[in-house]
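Report on the structure
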Amino acid sequence: MGITDFWMAPAYTPFGMSRYNEGYSMTDRYNLGTNANPTKYGSGEELANAIATLHSAGLKVQEDIVMNQMIGFFRSRSSNGYQN
């Protein structure tokens, strides 16, 4: 019996007041990190490289996504275009 899958916590840029940078309290589902504002996995390019490396090692990557935990948009427009 061996390891077949690698689970990753959400890779999103967290809400600015998030204490642990865990990615569950995201404000933008489309921002996977930049060099100037990285996530726990670095920039989006670094995340893609890490996933490619895991795939080349024969592992499946499971990304945790919690779609209903969007915060920080009081009276502003979210990245999906809907007004809160």
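What you see is a predicted model; the values in this text were computed from it and never measured.

Focus on the overall build of the protein
A tally of helices and strands in the protein yields one helix and two strands. Sequence-ordered secondary structure for the protein, helices as α and strands as β, is β-α-β. Burial status across the protein gives 27% buried among its 84 residues. Sequence-distant contacts in the protein: of pairs separated by 6 or more residues, those separated by 24 or more amount to 52%. Carbon together with sulfur atoms contributes 56% to the accessible area of the protein, which is approximately 5,900 Å² in total.

Considerations on the side chain of Ser 43
Within the secondary structure layout, Ser 43 lies in the loop between β1 (5-8) and α1 (44-56). Exposure remark for Ser 43: the relative accessible area of 7% places this residue in the buried category. Look past the residues within four positions of Ser 43 in its chain and what remains in contact with it is Leu 32, Gly 33, Thr 34, Asn 35 and Pro 38.

Looking at α1
A rise of 1.5 Å per residue sets the reference length of α1, with its 13 residues, at 18 Å; its end C-alpha atoms lie 18 Å apart and thus fit the reference within 8%. Gly 58 occupies a position one or two residues after α1 and carries a positive phi of about 85 degrees.

Some words on the environment of Tyr 24
Here Tyr 24 is to be found in the loop between β1 and α1. Remark: the alpha-carbon pair of Tyr 24 and Ala 11, spanning 13 residues in sequence, is separated by 8.6 Å.

Description of the side chain of Asp 64
For Asp 64, the location among the structural elements is in the segment after β2 (60-63). Although buried, Asp 64 forms no salt bridge, and the nearest oppositely charged side chain, Lys 40, lies 9.4 Å from it. The residues touching Asp 64, leaving out its near neighbours within four places in the chain, are Trp 7, Met 8, Ala 9, Pro 10 and Tyr 24.

Description of the confidence of the model for the protein
On average, residues of the protein carry a pLDDT of 77, and 64% of them reach 70 or more. Averaged over each element, pLDDT in the protein is lowest for β1 (93) and highest for α1 (95).

Basis of the calculations
- Residues numbered from 1 in each chain as written.
- Predicted model: local features only at pLDDT ≥ 70, side-chain atom pairs only at ≥ 80, totals over all residues.
- Heavy atoms only, no water.
- Helix = DSSP H or I, 4+ residues; strand = E, 2+ residues; numbered from the N terminus.
- Buried < 20%, exposed > 50% of the residue type's maximum accessible area, 1.4 Å probe, protein only.
- Contact = heavy atoms within 4.5 Å.
- Areas by Shrake-Rupley, 256 points an atom, 1.4 Å probe, with all protein chains shown as cover.
- Expected span 1.5 Å × (residues − 1).
- Lys, Arg positive; Asp, Glu negative; His and termini not counted.
- Salt bridge = Lys/Arg side-chain N within 4 Å of Asp/Glu carboxyl O.
- pLDDT = per-residue confidence, 0-100.

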